[in-house]
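# Structural overview for review
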Amino acid sequence: MNKTLTIYMMAAVTLLAASCEKKLELANPQSLDAEVVFSTEDRVQKVLVGNYASLGSASMFGGDVLWMSELMGSDGELNWVGTFPDPRQIWGKNIQTNNSNVQATYAAAYRVIFNCNNIIASLPVVAAANRNKVQGEALFLRAMAYFELVKYYGEKPYVAGNTGTLKGVPLITAPGPSAPQSTEYNLPRASVEEVYVQIIKDFSDAESLLPNTNVVYANKSAAMLGLARVYLQQAKYPEARDAANRCLNAATGRSLRPDYADAFNNTANTTEDIFAIQVTVQAGTNSNFTFYSTGTYGARDGDIEVQPKHMDKYEAGDRRKNLFFFEADAFRVGKWQLNFRNVKVMRLAEAYLTRAECNVRLGTAIGATVAADIKRIRDRVALPEIASPTLAHVLKERELELAFEGQGLWDAKRLKQSIDGLPWDDNRLTFPIPLRERNINPSLTQNPGYN
Amino acid sequence: MRKLVVALIGCLAMVGFSAFAQKVVTGKVTDVKTGVALPGVTISVKGKTMAVSTDGQGVYSIDVPSENTILVFSYVGYASKEVVARNAGNIDLTESLADLNEVVVVGYGTTVRKELTGAIGRVKGEELKNMPVPDFNQALQGRTAGVFVEAENGKVGEGIKVRIRGASSVNSSNQPLYVVDGVPLAGGGFGASTADINFNDVESFEILKDAAASAIYGSRAANGVVVITTKRGKSGKTQFNLGTQYGTNTPTGKRGFLNAAEYVSFYQQAGRGAAEYHMRPDGGDNWFGFTDLNDAYSYFDGIINSRLNRYSGWRPFRGGVDWRSGQTDTPWEDLAFQDANTNQVELSAQGGNDKTRFFISGSVNNQDGILVGNNFQRMGARINLDHQVNNWLKIGLNSGLTKIVRNRVPDDNAFSTPMQIVALAPITPLRDTAGRLFDRPVTTYYNPLLEIEESNRRTEGFRNQGSIYAEIKILPELVLHTDLGLDMVIQNAENWWGPRTLVGAATLQGQGNATSSWFRNTRWMTNNYLSYKKTFAEKHKIDATVGFAYENLDERFTYVEGQDFPDISLKTVSSATTYSDGAGTRDENNLVSMFARVNYVFDEKLLVSGSIRDDADSRFGTNFKHGQFWSASLGYILSNEKFLSGVKFLSFLKPRISYGTTGNNTGIGYYSARSQYGSVTYGTSGGLGISQFGNDDLRWETVKQFNVGLDFGFFDNKLTGEVDFYNKRTDDMLLSTPVTSVSGTTSIFGNVGQMENKGLEISLNTVNISTRSLRWTTSINISHNRNKLLKLDGEQKEILPNDARFANALIVGQPIGVFYAPKFLGANPDNGDPQYMGPDGRPVRDYDDAQKMIIGDPNPDWFGGVTNTVNWKGIELSFLFQGVFGNQVQDGAGGFMSSSGEWFDNQTRDQLNAWKQPGDVTMVPQARLNWLGDFPTPSISSRYVYDASYVRLKNLTLAYNVPAKIMARMKLSSARVYVSGVNLLTFTDYPGWDPEVNTDYRSGNVNQGSDFYAAPQIKSWVFGINLGF
């Protein structure tokens, strides 16, 4: 009775059906397909910028690798009083293999390394003029990640010797298969020695490739100070001294802030910063603030308390002591008092202290005399000069100057100091290989003392 | 036998005399029980397409070919009646429990129950009407076999787990597909979407369970389909219905915590316990360096005193009083709850004539949650119209518009959520001496009441769901249906936190924080299908459908966060000093589908059915763009066979069998098939970071389901029922397989797994007593489901828990989400140390040395419900008991609230049984403060796993229908007063607040059976009146 209409409708339906097939390819308005990312220089550079965010994630230099070192190396100077069980395990040297901080830092470090390997493999698309800088930054970031890995997860500190047989962490320096489930990724642990060799190579290459200044990104002096840290862990004092000295020479225009307190809680890098993780209200995180500061400043309720044992170490008049603030029954670390502030990773003061320590150990005066370097540090915190500083003087200065900035555990280990009654190379002062990693990769051995 | 002869003669007569003159039959149709006229009853001539319906007075008039014609009187919710035209006239119909001739809505069409070959559960809207719950899923709980319903917690209008025949997937959604009047329900951004539906407008819920029923919905039907049909107008006089109810909400239970005196003495004990442990060579080994035990005691006494000073606000003085005075004893648990009311007003009208019919309704529903600050409001309006243009064209409209306002409370794991208030010490005052709410330091990080006093968390949502349709009768047997549907959700969440709140203080200047989010989800779609219905040679009945559908889903999200406000009264983002965060995203998804179904009935005995669907989805990987799904089924109405006609007690018997496939596309994000880089900001520079590791083979999960069932009716259908056995297997199950972090990521997504659900469903409906004045009916459903994970990626045998508080694991051969952790053996009688079962079965102290094993299963073995309805002279009593059996719940907060005083959170009362001296045999280890961090305090072991079986009086309604005589005087057509209650009694051994729980912050497929400061369910009592005029 109405065949025309029916035929018309059937035709419309068929047409509609045909046109729909085209609608099955939809691009994500919020993302780029991976295949196109490494095709242009601009995008490779953007991945490099993104990798600083990875390095600055909370589990890495966004804070965790700093406060975990201080908690584990607390030696009665810090108390963890927060409810979170995972940091308490680290502080109490009673870590379970499924500890979430231990897992997260391991994964976050390898994410940084993954990005670096991709960037390095894409260097051919980067214009020759920019290639050194891009490569240097990627190598710097990779070395930073491996250094944290080998220190936290390596079987023993480097200075324990037998570095060729001590287990480090899996070493991957080139992009692997695109499928992450590939068993090619189930690498065994490289030796501590092999990991250190890679780190030194990366820092050294970065040193030669990086420019002297590079806005907030890695520059030559940062690579040099990184290198100095590595040599110091190895107790290779001449190399450490020379790297620190090169850093100070390369750090043109850099100087200590006149007031110690001004070196911290900054929204932008200061003249004293060699390398810092950028934190803004919009992006980045500073987990040191979260745990060291108090509710008054928007942090948790003061999870980490400074004990009198630390406060008693300061000489009268030391301005560094004034930076601590007393709240909720305890002293708090003022370096991490405010929210949305950069995370200090490397300060110029460290280079002076490393150079001084090596010079005093070696009886040399490369770059400057020990006394001159120590004077620089003590002057600005209103402490009198020490005419001829001993190693003990230098180490004490280092301890107080860099207190709670993440070097605590590593300095204690290389100096073979006991920590909370445990010997410096105790099994409990190393992280376990995370349970989840061992569940996946049977070739990963566990560190002694864990199962 | 006589009936058969009459029918036979009738048929012969029809064939013989059909050429003769027509005859008119008229009469009135009434309800057998109440005598009330039934408008809108369909009267059709058997075997023909001719049909009429009754008017508003229940009167009908139909032309029949002969007086021997058989007329079929059918009406939704009533047993159909077949009457020979000669005997027709005034007819009374009986309300039915499970009527074999009732019309059942299936995908893209309808059928009658007796001809079904699939497994379909049906709940009439009338059964749920006026239940004081916001979400129809809660009202459905316990009413249908195979349908498991569990509200996550007692927050009003929030998440609800619905599982039809078990969990089919690990990573995809296990919720059913909801289709409202042909339009799938789009998801919202905040709160449960299903709470957007005013279920008083719903005529029926059809729950499609097996493949035969659901395969026509293709790639979204793996978890079953809930087809919701709203009420439509019936021709006749306009009828108004006014309903109103008012009542109260209270928690189903409270748990009980230490009071001030107990708290003080317990923690003094815990300090001593810590000292003793620390000095033991096999304990802390005195690494802290005390001189002796007394030195350690005095150190810990000092710590405890200083903490008690601190929490009581005494020293340093923060407006509290000395805890030693015993003056402060704050019942924090009580303070998490509020006096809560619930009320509802609703007005509907329906009516029309032969050409145009309408149903309209408007309603306001306001429910306070039991938690402080929690509230849910729904305003709804509906218009459903049908218009017969001429003898070949019918057009119509369905339109539902709702506004939802929610005052939400934070997730269960937030310090700011009301229930975490129980962690506060009873020595902490509610308010300081100046009358202000006591602020930190408290035992946690917060006083949640601050959050209530100084924050807003308001979500407003609008949902516009509806469609327009046309039905064109091309031939008498061939109808083209075409529709255009729309489901649009617009939600706006406005949050504000004042300077004293945690969030409001964590800003640059500590002067407050506010966010504004807009979410819009639009689904437009068109369904076009031809249906062909014809009976050939009397015995061959064909019902075929073929069609095509297209859907487009468009999601937009905009968000802005601002910080630091110049004044506490300025709370909208525009007053912010700094804009700290923002987002604006757009996501799209297209689905193109073709489908077909054929039902064939031979001689009213043999039923054969088949369906097929092709879905092409833009989200699938490039290697798998189209998914095909199909089903085949067979039924046999044995009771229509002559050889069974002699069996007097047997009224109906139909075995049926089905097999088919359905899919689940929900596990795949719209673009997850591709490896992608998204924007990452570092400092003030934009960068790129990998956001997704892709997979070109990514596709739907396939569920293959076998079902065998038996429908039966005995003793004149006084006992009817269904038994179904099913075996559902999920292939190509999407799994996020853990990979080593060395690869750059920690997991990858692919179609690798397999899962199985086997189960048994039994439904029984009985009419126990049926007289003119008394009618008692019972409806029982029991379901058993056994879930089993068959395969992960093929190599892995298990994905073990890596959560610090919960033990849900995936283990091949075991049900999804079993608890895998050490078995707790209580306190060591010698020294009070916690003990776990070691590998050799002997107790060990060190948690890491313990043997991990399956210590519980969050999936119930059995669940069901029993409804009894008694009608006596206008008084109606109906009650539903609902139960869940054989499942366990893990209390993830046990490590805080039942921890032997490991830290300062207030403890549950069972901790008073802590070990005190050698020889004590108890499940609670020595009270020990872990001040020095010298022992691990694991939250996951059988210590916090409990049996969570329960039986609950889910619903009770006592109603009185005012007799017709009185109503006539009051010019009313009906009047009903009632009291109704929900969750009135709960029988369980679960020691927590409520055994029906799955904490919202981690609820998922694997993460189930988890308690974490989850609010108890809501117990409601309401009083209501319904008037018809």
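Residues numbered from 1 in each chain as written. Chains lettered and ligands numbered in written order. Predicted model: local features only at pLDDT ≥ 70, side-chain atom pairs only at ≥ 80, totals over all residues.

## Side note on the overall build of chain A
As a reminder, the rule being used: In this description a helix means any DSSP run of H or I spanning at least four residues, a strand means any run of E spanning at least two, and both kinds are numbered starting from the N terminus. By the convention adopted here, residues make contact when the C-beta atoms placed from their backbones lie within 7 Å.
On a plain count of helices and strands, chain A comes out with 18 helices and 7 strands. Taken along the three principal axes of its C-alpha coordinates, chain A extends 110 × 50 × 45 Å. Contacts in chain A between residues far apart in sequence, at least 24 positions, make up 68% of those at least 6 positions apart.

## A short note on the overall build of chain B
Stated formally: Radius of gyration: over C-alpha atoms. The globule rule applied is 2.2 Å multiplied by the number of residues raised to the 0.38 power. Each residue is classed by its C-beta neighbour count within 10 Å, where at least 20 other C-beta atoms makes it buried, 12 or fewer makes it exposed, and intermediate counts make it partly exposed; the C-beta atoms are placed from backbone geometry.
If you tally the helices and strands in chain B, you get 12 helices and 50 strands. In terms of C-alpha radius of gyration, chain B reaches 32 Å, essentially the compact-globule figure of 31 Å for 1029 residues. With the principal axes as the frame, chain B shows a C-alpha extent of 115 × 70 × 60 Å. Expressed as a percentage of its 1029 residues, the buried residues of chain B come to 53%.

## Things to note about the nonpolar core
Definition in use: Each nonpolar core consists of buried Ala, Val, Leu, Ile, Met, Phe, Trp, Tyr and Cys residues. Their C-beta atoms, within 7 Å, join them into a set.
With 305 residues, the main nonpolar core has F140, A228 and C247 of chain A as its most contacted residues. Setting aside anything within four residues of it in sequence, one finds A228 of chain A in contact with A240, A243, A244, C247, A351 and T354 of chain A. Counting residues in hydrophobic clusters, the runner-up holds 17 residues, among them V25, V29, F73 and A88 of chain B.

## Quick notes on the packing of helix α14 (residues 348-362) of chain A against helix α15 (residues 370-379) of chain A
Residues and elements named next belong to chain A. Inclusion rule: A fitted line through C-alpha atoms serves as each axis, taken over the contacting stretch for helices, and the angle formed by two N-to-C directions is quoted from 0 to 180°. Angles below 35 degrees are treated as roughly parallel, those above 145 as roughly antiparallel, those between 65 and 115 as roughly perpendicular, and all remaining angles as oblique. Crossing handedness follows the turn of the near helix against the far one: under a right angle anticlockwise gives a left-handed crossing, and clockwise gives a right-handed one.
Between α14 and α15, the least distance of the axes is 9 Å, while the angle of their chain directions is 150°. Judged by the angle between their axes, α14 and α15 are roughly antiparallel. The handedness of the crossing between α14 and α15 is left-handed. Each of A349, Y352, L353, R355, A356, N359 and V360 in α14 lies in contact with α15, whose residues at this interface are V370, D373, I374, R376 and I377.

## A word on the packing of α14 of chain A against helix α16 (residues 391-401) of chain A
Residues and elements named next belong to chain A. The test is simple: Note that Gly is not counted as nonpolar here; it falls among the polar residues with everything else outside the nonpolar set of Ala, Val, Leu, Ile, Met, Phe, Trp, Tyr, Cys and Pro and the charged set of Asp, Glu, Lys and Arg.
The geometry of α14 relative to α16 is characterised by a closest axis approach of 9 Å and an angle of 165° between their N-to-C directions. Judged on the interaxial angle alone, α16 and α14 are roughly antiparallel. Like other packed secondary-structure pairs, α14 and α16 cross with a definite hand, here left-handed. Residues A349, L353, A356, E357, V360 and R361 of α14 lie in contact with α16, whose contacting residues are L391, V394, L395, E397, R398 and E401. Its residues placed into classes, the contact of α14 with α16 shows 7 nonpolar, no polar and 5 charged.

## Things to note about the sheet that holds strand β5 (residues 70-74) of chain B
Residues and elements named next belong to chain B. Our working rule: Only strands that DSSP links by at least two bridges are regarded as paired with each other.
Taking strand neighbours across the sheet as the criterion, the 4 strands line up as β3-β2-β5-β6 in an open arrangement whose pairing is antiparallel. The sheet is open, and its two borders are formed by β3 (51-53) and β6 (81-84), each paired with just one other strand. Taking each pair of neighbouring strands and ignoring which way they run, the sheet shows an average axis angle of 25°. Here strand β2 (residues 42-45) pairs with β5 via 4 bridges, running antiparallel. Along β5, the bridge assignment pairs V45 with L71.

## Focus on helix α7 (residues 128-153) of chain A
Rules: Helix span, expected: 1.5 Å multiplied by one less than the number of residues in the helix.
Taking 1.5 Å of rise per residue, the 26 residues of α7 of chain A would be expected to cover 38 Å, and the 37 Å separating its terminal C-alpha atoms lies within 8% of that figure. Burial runs high along α7 of chain A: 20 of the 26 residues are buried.

## Quick look at the interface of chain A and chain B
On the chain B side, the residues contacting the 79 residues of chain A number 71 residues. When residues of the side of chain A that touches chain B are assigned to their parent elements, the largest contribution, 8 residues, is made by helix α3 (residues 41-55) of chain A. Partitioned by chemical class, the residues of the side of chain A that touches chain B number 35 nonpolar, 29 polar and 15 charged. The sheet contact formed by strand β1 (residues 31-33) of chain A and strand β30 (residues 676-682) of chain B spans 3 bridges and is antiparallel. Across the sheet, the residue bridging to D33 of chain A is Q676 of chain B, located in β30 of chain B.

## Points about the environment of G686 of chain B
Relative to the helices and strands, G686 of chain B is located in strand β31 (residues 685-692). When residues no more than four places from it in sequence are discounted, the contact partners of G686 of chain B are K46 of chain A together with S679 and T681 of chain B.

## Considering the sheet that holds β31 of chain B
Taken in spatial order, the 3 strands of this open sheet run β1(A)-β30(B)-β31(B), and their pairing is antiparallel. A strand with exactly one partner marks an edge of an open sheet, and here the two such strands are β1 of chain A together with β31 of chain B. Averaged over all pairs of adjacent strands, the angle between their axes in this sheet comes to 40°, without regard to strand direction. Running at roughly 80° to β31 of chain B, α3 of chain A makes contact with β30 and β31 of chain B of the sheet.

## Things to note about the confidence of the model for chain B
Residues and elements named next belong to chain B. The condition that has to hold: pLDDT measures the predictor's confidence residue by residue and takes values from 0 up to 100.
Counting all residues, the mean pLDDT for chain B is 91, and 97% of those residues have values of 70 or more. Confidence over residues 1-21 falls short of pLDDT 50; this stretch has 14 contacts with residues more than four positions distant or in other chains. With a pTM of 0.82, the predicted complex shows an ipTM of 0.93.

## Regarding the environment of F290 of chain B
Residue and element names in this part refer to chain B. Checked against the element boundaries, F290 lands in the loop between α5 (260-279) and α6 (293-312). Given 18 C-beta atoms within a 10 Å radius, F290 is considered partly exposed. On a C-alpha basis, the gap between F290 and F300 in space is 11 Å, while along the polypeptide they are 10 residues apart. Among residues more than four places away in sequence, those in contact with F290 are M279, D295, A296 and Y299.

## Quick notes on the pairing of strand β34 (residues 747-770) of chain B
Residues and elements named next belong to chain B. Sheet analysis places strand β33 (residues 719-738) next to β34, joined by 18 bridges and oriented antiparallel. Across the sheet, D724 pairs through a bridge with E761, a residue of β34. Sheet topology places β34 next to strand β35 (residues 774-791); 16 bridges connect them, and they run antiparallel. Bridged to T766 within β35 is T778. With antiparallel pairing between neighbouring strands as the criterion, β34 and β35 make up a hairpin whose turn holds 3 residues.

## Observations concerning unusual backbone geometry
Residue and element names in this part refer to chain B. With an omega dihedral of -5°, the bond running from R315 to P316 counts as a cis peptide bond. Among the structural elements, P316 can be located in the loop between α6 and α7 (332-335). A cis amide bond links R440 to the next residue, P441, at an omega of 5°. Position of P441 among the secondary structure elements: in the loop between β21 (393-407) and α8 (448-453). Backbone geometry places F715, a non-glycine residue, at a positive phi of 50°. If you trace the backbone, F715 turns up in the loop between β32 (701-714) and β33.

## Topic: the environment of K81 of chain B
Residues and elements named next belong to chain B. Tracing the backbone shows K81 in strand β6. We classify K81 as partly exposed; it has 19 C-beta atoms within 10 Å. Sequence separation of K81 and L93 is 12 residues, and the distance between their C-alpha atoms is 7.2 Å. Filtering out sequence-adjacent residues up to four positions away, K81 remains in contact with F73, I91 and L93.

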